[in-house]
Amino acid sequence: MDSSVENMRVVKRSKEEKKLLRKQIKASHTLLKHEGISTVSQPTKSLVVANGGLGNGVSREQLCAELKEMGELETLVMPPHKPYAFVTYRSEESAQKAHALLNGQQLQCGENSVTLYLSFVNSVASETEVCMSLPEGLVVVEDFVSPEEEALLLNAVDWSSTNDDVTGEAQKALKHRRVKHYGYEFRYDINNVDKDKPLSAGLPEECIPILARCVTGGHIDIMPDQLTVNQYQSGQGIPPHVDTHSAFEDTILSLSLGAKTVMEFRHPDGGVVAVVLPGRSLLVMKGESRYLWSHGITPRKFDMVPACDPQSPAPVTSDVCNQGNLTLSKRGTRTSFTFRKIRHTPCHCVFPSACDSQGAPSAPAPSPPSLPRCQADAARLEEVYVHRVYDVIAPHFSSTRHSPWPRVCHFLNSLAPGSVLADVGCGNGKYLGVNPEVVTVGCDRSSALVQICAERGHQAFVSDALNVPLQTATCDACISIAVIHHFSTQERRLAAVRELVRLLKPGGRVLIYVWALEQEYNQQRSKYLKENDKGHSGNHSPTDNISEGIKTPDGELSIHTNRHSKDCSKANTGNHGPRDNTTDDSQVPHEKLSVHTNRTAFNSQDLLVPWHLKGGKGRGEKGGRGEGGAGNNGKKGKRKEGSKITSDNFCSDGQVSASSSPNPEPKTNPGLDSNQATSPSQDSISAPCSSLSSSLDTNQTSLSSPDSTCKPGPGIGATQASSPILDSQPEPSPAAGSSPMAVFHRYYHVFQQGELEQLCDQVAGVKVQTSYHDQGNWCVILVKD
């Protein structure tokens, strides 16, 4: 026998090699299951690099440097928002070398690291650039000011002054953004400029030469007389908005100084164009781009931008979303100088539907979303009205969730020492430290809440509650507190229960809490309703917030299902218990979700519940948290687009659906900045307990549109808000005796009596041990056979 064959037979893999191989195989299975990517065992020139994507916070330059060490590259494809990349080498030998040496290698991304898993593929689809044209009237002029002029302009802003005429009314000391006005102040109580009360000081003299150059260059016809300076730190942004027509003339100029950023422009029909604004560039908005398209900056710490290629530089003003050759750009401090000319006559633009001078409201009345008709609708509804909202309100939400509920604590303390507990939808980790004698790990769909867990010293990771990246039968117990009621169809709620059961060992138990339709039970009113008797109107309720006729989130993010998609599966969204799955979808009415008035009885099972984000915290933070619907976590653990393939993931931040009127009337307050709760950076998410996380998963919510953002950095996701505020406008001026509040709406399905037990009865291999009603929640304890 050939000695070489004998040698091959006696070679044994080490435990580390076997572990690596298992993870590599799991990564391949995950790619096939969730992305349709087929890997092959025989060597080729092309490989898929799992966890080496923009969605993991890996930049093109960083990954390219690692791959080039193995040989000459032919192509490197990094799809937007995805947690993987494709590489093709010039030779098969180089690909084999990369496969052998880079598999299982860790790549440092900021303070965190990702583990790369490489597999061969037969072919790689080329990156196609399908660039949308810029909005009509939009121009970006690069290097409009010199570095010397940039320094002069930045030094002209005195942020320290607080007592002179200019800053007494015009300067707003914002928690998350610094703003200063010159010439005139934009008044948020009237959504306009008080044209009869100019500020005592005009525009800084350092601006005059720059503006003169704008006039002579044809960018604007007349010298502006109003300036707003905004300063954004990394991770800060401003919601989409359109400048008030009656306040300013046509052309608006905005200088970007300091770091570059990506600004999203949105057309009312849903079209989105993401535009890179380099440092020292001039943005010119006139005509349609000024009057019709909204513009905003998503709060995040990384942007996806075209990679710098000296051979074929990509235009910085093209649509970033549809470009190939993308990389990540870490944000720094950016200061915008926005110049406008005050309007003294009514606006007669050709966009009457968006013009307040011609009868249109200052912000279009948004339309509430419809009940989902298919799984795609359901995922979209949850992305907009659950995921993004909790990422934005996370700090405020966490501040109202501090006292664990007694019956949940009793369940946790009943676990034997050394038990393994998974809290799926852990929120701020309130229950992770209740029983120090058990091994706990938490996961949540909100990376902002997971960051709070990490700051508290808990093991937690970002994950989808429908696909938790833990091995089957690894947990002695699981809890799901106020999570499943955020799934918008019966199929998805059932899948969430099945996933909890999958994690349990035989004999393991799971505790589930969901918000109850019956807030009055056995002649006892829930704490949620009792708070209304006390006159409380804060955010510590089962659904957590109060609302008096607040508008629904911006219509642009609403889910409208006026036409039934042929690929839609039947979704259960009935208002009174599970809908018969044999029902013909074509006969199902297109029901709109109603906005619940907090602290009142429910009039439907599927609804939107407001959260009032006031300043950094909000009203009524003391007292009962009102678990109802939210337990400690009125959100669900769902992984985002930027998730890692392994379970030590950090992932996308998504942003907001915001309606910004704190008043009973649906009156838009134009100055709300949804960045009051900024999303954390990619390098701030904790990793899970490694002993529980060898199962690999890439099931992130695939919203490749600009609406979805990546926590590690990328994602052209835009914070969606109905407040028509400007990049150049500050927070609203609070009326006397009141404070500005942004209002965000969260989707809930409240359970009627017996519904939760019926749902659990459909899961094989598990039985209901006990069920009960606890302060406005229906609760069950399940035991696995």
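Structure: see above.
Cut-offs applied
Residues numbered from 1 in each chain as written. Predicted model: local features only at pLDDT ≥ 70, side-chain atom pairs only at ≥ 80, totals over all residues. Heavy atoms only, no water. Helix = DSSP H or I, 4+ residues; strand = E, 2+ residues; numbered from the N terminus. Buried < 20%, exposed > 50% of the residue type's maximum accessible area, 1.4 Å probe, protein only. Contact = heavy atoms within 4.5 Å. Areas by Shrake-Rupley, 256 points an atom, 1.4 Å probe, with all protein chains shown as cover. 1 Å grid on protein atoms, 1.4 Å probe; cavity = no way out; pocket = protein on both sides within 12 Å on 5 of 7 lines; lining within 4 Å. Points joined across faces, edges and corners; volume = space filled by probe spheres on them. Nonpolar A, V, L, I, M, F, W, Y, C, P; charged D, E, K, R; others polar. Core = buried A, V, L, I, M, F, W, Y, C linked by side-chain atoms within 4.5 Å. Arc of directions from axis to C-beta. Pairing = 2+ DSSP bridges. Axes fitted to C-alpha atoms, helices over the stretch in contact; angles between N-to-C directions. Salt bridge = Lys/Arg side-chain N within 4 Å of Asp/Glu carboxyl O. Parallel < 35°, antiparallel > 145°, perpendicular 65-115°, else oblique. Phe/Tyr/Trp six-rings, centres within 6.5 Å; stacked < 30°, edge-to-face > 60°. Polar contact = N/O pair within 3.5 Å; in protein donor to acceptor, adjacent residues only side chain to side chain.

Re the overall build of the chain
Summing up its helical and strand segments, the chain has 14 helices and 35 strands in all. Relative to its 785 residues, the chain shows a buried fraction of 63%. The contacts in the chain between residues at least 6 apart in sequence include a share of 79% that link residues at least 24 apart. Summed over all atoms, the accessible surface of the chain reaches about 28300 Å², with 50% contributed by carbon and sulfur.

Details of empty space enclosed by the protein
Considering all chains together, one arrives at five cavities of 30 Å³ or more under this definition. Roughly 60 Å³ of volume is contained in the largest cavity. Contributing to the lining of the largest cavity are Tyr 232, Gln 233, Gln 236, Ala 259, Lys 260, Thr 261, Ile 297, Arg 331, Gly 332 and Arg 334. Residue composition of the lining of the largest cavity, by class: three nonpolar, four polar and three charged.

Observations concerning the nonpolar core
Among the nonpolar cores identified, the biggest contains 35 residues, and Leu 470, Cys 478, Ile 484, Val 497, Ile 512, Leu 756 and Leu 782 are the most heavily contacted of them. Per-element accounting of this core gives the leading share, six residues, to helix α12 (residues 490-503). Apart from residues lying up to four places away in sequence, Val 497 is in contact with Ile 484, Ile 512, Leu 759, Cys 760, Val 763 and Leu 782. Within the second largest apolar cluster, 29 residues are counted, among which are Ala 394, Ile 452, Leu 593 and Tyr 747.

Things to note about helix α4 (residues 92-102)
Inspection of α4 places Ser 94, Ala 95, Ala 98, His 99 and Leu 102 among the buried residues, and these make up the whole buried set. One face of α4 carries all of its buried residues, which in axial projection span an arc of 140°. Seen from the open side of α4, the exposed residues pointing more than 90 degrees away from its buried face are Glu 93 and Ala 100. Positive backbone phi, approximately 85°, marks Gly 104, located one or two places after α4.

So, the sheet that holds strand β22 (residues 420-424)
Read across the open sheet, the seven strands follow the order β24-β23-β22-β25-β26-β35-β34; overall the sheet is mixed. Of all the strands in the sheet, the pair left with one neighbour each is β24 (460-462) and β34 (766-774). Geometrically, the sheet is characterised by an average inter-axis angle of 15° between neighbouring strands, direction not taken into account. With five bridges joining them, β22 and strand β23 (residues 439-444) adopt parallel strand pairing. When the bridges of β23 are listed, Ala 422 appears paired with Val 441. Of the strands in this sheet, β23 and β24 are in contact with helix α11 (residues 447-455), which crosses β24 at around 165°. Against the sheet, α12 makes contact with β22, β25 (475-481), β26 (504-515), β34 and β35 (777-784), and its axis sits at roughly 150° relative to β26, the strand it touches most.

Observations concerning the pattern of salt bridges
Two side chains that carry opposite charge are able to pair once their charged atoms sit near each other. Under the counting rule described, the total for this entry stands at 16 salt bridges. With its nearest N and O atoms 3.2 Å apart, the salt bridge here joins Asp 143 to Arg 280. Pair noted here: Asp 143 is in the loop between β7 (138-141) and α5 (147-156) and Arg 280 is in the loop between β16 (272-277) and β17 (281-285), with a separation of 137 residues, a long-range link. Of the charged contacts, one joins Lys 505 and Asp 476 as a salt bridge, the two residues approaching to 3.4 Å between their closest N and O atoms. Within this pair, whereas Lys 505 is found in strand β26, its partner Asp 476 is found in strand β25, the two being separated by 29 residues in sequence. Relative accessible area serves as the criterion here: at 25%, Asp 476 is assigned to the partly exposed category.

Describing the layout of surface pockets
The volume enclosed by the second largest pocket comes to roughly 480 Å³. Surrounding the second largest pocket, 19 residues form its lining, Leu 21, Gln 24, Ile 25, His 99 and Asn 103 being those nearest its centre. At the level of secondary structure, the elements contributing two or more residues to the lining of the second largest pocket comprise α2 (15-35), α4 and β6 (117-121). Of the residues forming the lining of the second largest pocket, the biggest block, eight residues, is contributed by α2. Within the lining of the second largest pocket, the residues separate by chemical class into eight nonpolar, nine polar and two charged.

As for the packing of helix α9 (residues 375-399) against α11
Packing of α9 against α11 brings their axes to within 7 Å, and their N-to-C directions diverge by 40°. The angle between the axes of α9 and α11 places the two elements in the oblique class. The residues of α11 that touch α9, namely those facing Asp 391, Ala 394, Pro 395, Phe 397 and Ser 398, are Ser 447, Ala 448, Leu 449 and Ile 452. The class makeup of the residues in the contact of α9 with α11 is six nonpolar, two polar and one charged.

Considering the packing of aromatic side chains
Applying the stated rule across the entire model yields nine aromatic pairs. Each ring, one from Tyr 84 and one from Phe 86, has its centre 5.6 Å from the other, and the planes form 75°; the classification is edge-to-face. Owing to a relative accessible area of 6%, Tyr 84 belongs among the buried residues under this scheme. Between the aromatic rings of Phe 337 and Phe 339, the centroid separation amounts to 6.5 Å while the plane-to-plane angle is 40°, which identifies the pairing as tilted. In this pair, the class of Phe 337 matches that of Phe 339, namely buried.

Observations concerning the side chain of Ser 604
In this structure, Ser 604 sits in the loop between β29 (594-595) and β30 (606-614). From its side chain, Ser 604 meets the backbone oxygen of Asp 606 in a polar contact 3.3 Å long.

Some words on the pairing of strand β21 (residues 334-340)
Of all seven residues in β21, seven are buried, a share of seventy percent or more. Side chains Arg 334, Ser 336, Thr 338 and Arg 340 of β21 all project onto a buried face; the interleaved residues Thr 335, Phe 337 and Phe 339 project onto the opposite face, where all are buried too. Summarising the sheet, strand β12 (residues 226-232) and β21 pair through seven bridges and their orientation is antiparallel. Across the sheet, the residue bridging to Gln 231 is Thr 335, located in β21. Sheet topology note: the strand β14 (residues 252-258)/β21 ladder contains six bridges and is antiparallel. Bridging across to β21, Leu 255 finds its partner in Phe 337.

As for unusual backbone geometry
One non-glycine residue, Asp 143, lies in positive phi territory at about 50°. Despite not being glycine, Ala 473 has its phi angle at roughly 55°, a positive value. Residue placement: Ala 473 occurs in the loop between β24 and β25. Of the residues examined, Ala 473 reaches a relative accessible area of 33% and is grouped as partly exposed.

Let's talk about the sheet that holds strand β2 (residues 73-77)
Taking strand neighbours across the sheet as the criterion, the four strands line up as β2-β3-β1-β6 in an open arrangement whose pairing is antiparallel. Every interior strand has two partners, whereas the edge strands, β2 and β6, have only one. Strand-to-strand twist of the sheet, defined as the mean angle between neighbouring strand axes without regard to direction, takes the value 25°. The strands touched by α4 within the sheet are β1 (46-50), β3 (84-89) and β6, with β6 carrying the most contacts at an inclination of about 150°.

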